[in-house]
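Fold and geometry: a report
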Amino acid sequence: MSVTVALTGQRVLVVGGTSGINRGIAECFARAGAKVAVASRTEQKVEDTLVALQKLGAEARGFCADVRDAEAIKAGVDQLGEEWGGLDVVVSGAAGNFPALASDMSANAFKSVVDIDLLGTFHVMQAVYPHLSRPGGCVINISAPQAAVALIAQSHVCAAKAGVDMLTRSLALEWGPEGIRVNSVMPGPIDGTEGMARLAPSEQARQAVVDSVPLRRLGTPEDIGRICVLLASEWGGYISGAVLPVDGGWSLGGVSAMNNWH
Ligand code: NAP
Ligand code: COA
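One structure accompanies this document, and this report is about it. Since this is a predicted model, take the numbers as computed values, not measurements.

Now for the pattern of salt bridges. Between side chains of opposite charge, a pair can form as their charged atoms come close. Summed over all chains, the structure comprises 14 salt bridges. Between Arg-206 and Glu-203 there is a salt bridge, with the nearest N and O atoms lying 3.7 Å from each other. Here Arg-206 pairs with Glu-203, and both are found in helix 7 (residues 203-212), just three residues apart, close to one helical turn. Put simply, Arg-217 and Asp-223 hold a salt bridge, and the shortest N to O gap is 2.9 Å. For Asp-223, a relative accessible area of 16% puts it in the buried group.

The seven strands lie next to each other as 3-2-1-4-5-6-7, forming an open sheet whose pairing is parallel. This sheet does not close on itself; its edge strands, each paired only once, are strand 3 (60-64) and strand 7 (243-246). The average undirected angle you get between the axes of adjacent strands in this sheet is 20 degrees. Across four bridges, strand 4 (residues 89-92) lies against strand 5 (residues 138-142) in parallel orientation. Its bridge partner being in strand 5, Val-90 is matched across the sheet by Val-139. Strands in contact with helix 3 (residues 70-84) are strand 1 (11-15), strand 2 (35-40) and strand 3; relative to strand 3, the strand with the most contacts, it is inclined by about 160 degrees. Along the sheet, helix 8 (residues 221-232) makes contact with strand 4, strand 5, strand 6 (181-187) and strand 7, crossing strand 6 at roughly 165 degrees.

Moving on, we get to the site of ligand 2. Surveying the vicinity of ligand 2 reveals 15 residues, the closest of which are Arg-68, Asn-97, Ser-106, Asn-108 and Arg-198. Between Arg-41 and ligand 2, the recorded distance is 3.0 Å, taken from a side-chain N or O atom to an oxygen atom. Side-chain polar atom of Arg-198 to an oxygen atom of ligand 2: 2.8 Å apart, as the coordinates give it. In the complex, 55% of the free accessible area of ligand 2, which totals 950 Å², lies under the protein chains. Counting only elements with at least two residues in the shell around ligand 2, the list comes to helix 4 (107-128) and helix 6 (194-199). In terms of residue count, helix 4 provides more of the shell around ligand 2 than any other element does, four residues in total.

As a further point, take the nonpolar core. The nonpolar side chains of a soluble globular protein tend to be buried with one another. The biggest cluster of nonpolar side chains holds 31 residues, and the ones touching the most others in it are Ile-25, Phe-29, Val-36, Val-91, Ile-140, Val-185 and Ile-224. For this core, the elements supplying multiple residues, two or more each, are strand 1, helix 1 (20-31), strand 2, helix 2 (43-55), strand 4, strand 5 and helix 8. Looking at this core, the element that brings in the most residues is helix 1, giving six residues. When sequence neighbours within four positions are dropped, the list of residues in contact with Ile-140 reads Val-90, Val-91, Ser-92, Asn-183, Val-185, Cys-228 and Leu-231.

Criteria and cut-off values
Residues numbered from 1 in each chain as written. Chains lettered and ligands numbered in written order. Predicted model: local features only at pLDDT ≥ 70, side-chain atom pairs only at ≥ 80, totals over all residues. Heavy atoms only, no water. Salt bridge = Lys/Arg side-chain N within 4 Å of Asp/Glu carboxyl O. Helix = DSSP H or I, 4+ residues; strand = E, 2+ residues; numbered from the N terminus. Buried < 20%, exposed > 50% of the residue type's maximum accessible area, 1.4 Å probe, protein only. Pairing = 2+ DSSP bridges. Axes fitted to C-alpha atoms, helices over the stretch in contact; angles between N-to-C directions. Contact = heavy atoms within 4.5 Å. Near = heavy atom within 4 Å. Polar contact = N/O pair within 3.5 Å; in protein donor to acceptor, adjacent residues only side chain to side chain. Areas by Shrake-Rupley, 256 points an atom, 1.4 Å probe, with all protein chains shown as cover. Core = buried A, V, L, I, M, F, W, Y, C linked by side-chain atoms within 4.5 Å.

Structure below.
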């Protein structure tokens, strides 16, 4: 049997889609035939991503906004939603991370991650809600293993991403009757990304992560992007309120190996 997942003409917004995993997700949607928009803080990253998406044949859009700025996010989303006449798929993946012990970090350091990851996701959800297709809208929030497994020097990220997953579940309940699905995708350790560079900064640490993954390899942005495309397609049509690990089995326990480094 041959199965092709095509999202021809679907209108997709990836918030935080200008580098790493989220850019990989945006590119997967472009390859599947969707129109793709990205948003992040840095103009140059937005412009570079637009060029890459257009090279893949996509109709691409982009805007600059910080997810902590609810008004800026709403303005960018409203303009996009009006131009495209609505949105079919929204991926919300902007995040911040740095390793720091709770006893060492300032309240503002903790707050900065909660503001980006959790409050930022809420801002994106509120902004996109009026524009989502009903029925048929699909929202994917990007979670992390820290949402489910406690890690040393990650209290801010653990708290924020656990909040993101509960936001996913709450909105799946609230928006489900309108035909809008809301899910979280929980990536494992993804090679070549900023997140990995911050949490496993040496080759020794990187190898320790590889050894702690049941599948004994790091993931790729495409591993995550393909699942997002699948979730957004008719094949994912009865999945809502799920938190889906795409992590080679890492969240079963291997992720705790990171606690040995502190
Ligand atoms: P990354 O390359 O740093 O990507 C973060 C993206 O979000 C960038 O496009 C960045 O662009 C944007 N961004 C950051 N802060 C923002 C803000 N305040 N407002 C708007 N946009 C903002 O990181 P990554 O490692 O690929 O991680 C991507 C996602 O996957 C995150 O949600 C992360 O928690 C999750 N994750 C990553 C891993 C991993 O192994 N890397 C594992 C599990 C989960 P600008 O700098 O231009 O704003
Ligand atoms: N350890 C302890 N505290 C830190 C820190 C670190 N490594 N890095 C930043 N902080 C603190 C700052 O000192 C500040 O607190 P203070 O005002 O009490 O001094 C607070 O965090 C905010 O830092 P600031 O640099 O002003 O924030 P920002 O809004 O410019 O950037 C970050 C947000 C810190 C999350 C930044 O790393 C970022 O933009 N990250 C996005 C990319 C990323 O993290 N990718 C990986 C995703 S998994």
